[in-house]
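Observations on the model geometry
The chain contents come next:
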Amino acid sequence: GKGSDEDWLNYGRKLVREFEIGKGELDPNYVFEDKKIIEKNSKKELLLKDVISACYLNRISLAGYSHFKTPNLGFCKERVEGKAFNYFSQGVALTEVIVDEYTGMSKILKTDILMDLGRRINPGIDQGQVTGAFVQGAGWVTTENLFYDDGLALISHSPTTYKIPNIQDTPREFNVAFIENNDNDSSVFRSKAVGEPPFILGISVWTAIKNALSYRAPKGELVQLDSPATCEEILMELTRLKS
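Cut-offs used in this document
Residues numbered from 1 in each chain as written. Predicted model: local features only at pLDDT ≥ 70, side-chain atom pairs only at ≥ 80, totals over all residues. Heavy atoms only, no water. Helix = DSSP H or I, 4+ residues; strand = E, 2+ residues; numbered from the N terminus. Buried < 20%, exposed > 50% of the residue type's maximum accessible area, 1.4 Å probe, protein only. Contact = heavy atoms within 4.5 Å. Areas by Shrake-Rupley, 256 points an atom, 1.4 Å probe, with all protein chains shown as cover. Phe/Tyr/Trp six-rings, centres within 6.5 Å; stacked < 30°, edge-to-face > 60°. Lys NZ or Arg CZ within 6 Å of the ring centre and 35° of its normal. Expected span 1.5 Å × (residues − 1). Polar contact = N/O pair within 3.5 Å; in protein donor to acceptor, adjacent residues only side chain to side chain.

Focus on the overall build of the protein
Counting secondary structure elements, the protein contains five helices and eight strands. The order of α-helices and β-strands along the protein, N terminus first, is α-β-β-β-α-β-β-β-β-α-β-α-α. With 243 residues in all, the protein has 29% of them scored as buried. Taking the intrachain contacts of the protein between residues at least 6 apart in sequence as the baseline, contacts between residues at least 24 apart amount to 57%. By element, 55% of the accessible surface of the protein is carried by carbon and sulfur atoms, the whole surface being about 16,600 Å².

Spelled out as structure tokens, the structure:
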């Protein structure tokens, strides 16, 4: 049957027992010997690597001055039940592009982004994170092509061989707006993570290019565009569509 959130929270804690560390000393009932943790009273033993693995999977920090463990989470993959996340960062992007049929070059004319980041703590930082992540994502799906030698060693490993976005690759018109959402009670100050979620919105550039190429596709012909949509990829697909 279905379990409560607390049931799933306890699901992954079978190997883990949490206790407070006082004055920099461990509970004297536990000792470390031969890469094992031994409980003196019961004589039970656990391999240190198993304890570390269990702590990692349950988001229990073994090092660090500051660590946050999201409360009340627990999810069973076998039953697909429980609460895996407290919230989702959501956003949508609409992008317009222009494609040169003779060179395969594409340019971003306009991008509109709408993000839900809960209650924003610092609007300036949020604005920078969203625009920066989008441009990084746009580069990921358009110019950042990877090349390997015969030994499978990466040879496009520096700015001299790897094309990252520059100012000419950013939208000519760039609009970013936010939904004010103060109902998110499951996070710090009701805010939502902003560092990585907007990155995926860069895919709208790739889909816009693919849509542009569809205007040269014969009726019923599907556009086949790999990512990243470099000038070469675009030109090859245009040539195929015209043949």
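A short note on the packing of aromatic side chains
In total, this model carries three aromatic pairs according to the counting rule given. Summarising the aromatic geometry, the rings of F134 and F174 are spaced 5.5 Å apart at their centres and angled 55 degrees between planes, so their arrangement reads as tilted. Within this pair, whereas F134 is found in helix α3 (residues 123-142), its partner F174 is found in strand β8 (residues 173-179), the two being separated by 40 residues in sequence. When the ring centre of F178 is taken as origin, the NZ or CZ atom of R120, which lies over that ring, is 4.1 Å away.

Here's the deal with α3
For α3, which comprises 20 residues, the first-to-last C-alpha distance of 29 Å matches the rise-based estimate of 28 Å (1.5 Å per residue) to within 8%. Restricting attention to buried positions, one finds in α3 the residues D126, V130, A133, F134, V135, G137, A138, G139, V141 and T142. In the core, the buried residues of α3 are packed alongside β6 (90-99), β7 (106-116), β8 and α4 (203-213). At the N-terminal end of α3, a side-chain oxygen is found 3.1 Å from the backbone nitrogen of G124, two or three residues along, and the residue is N122.

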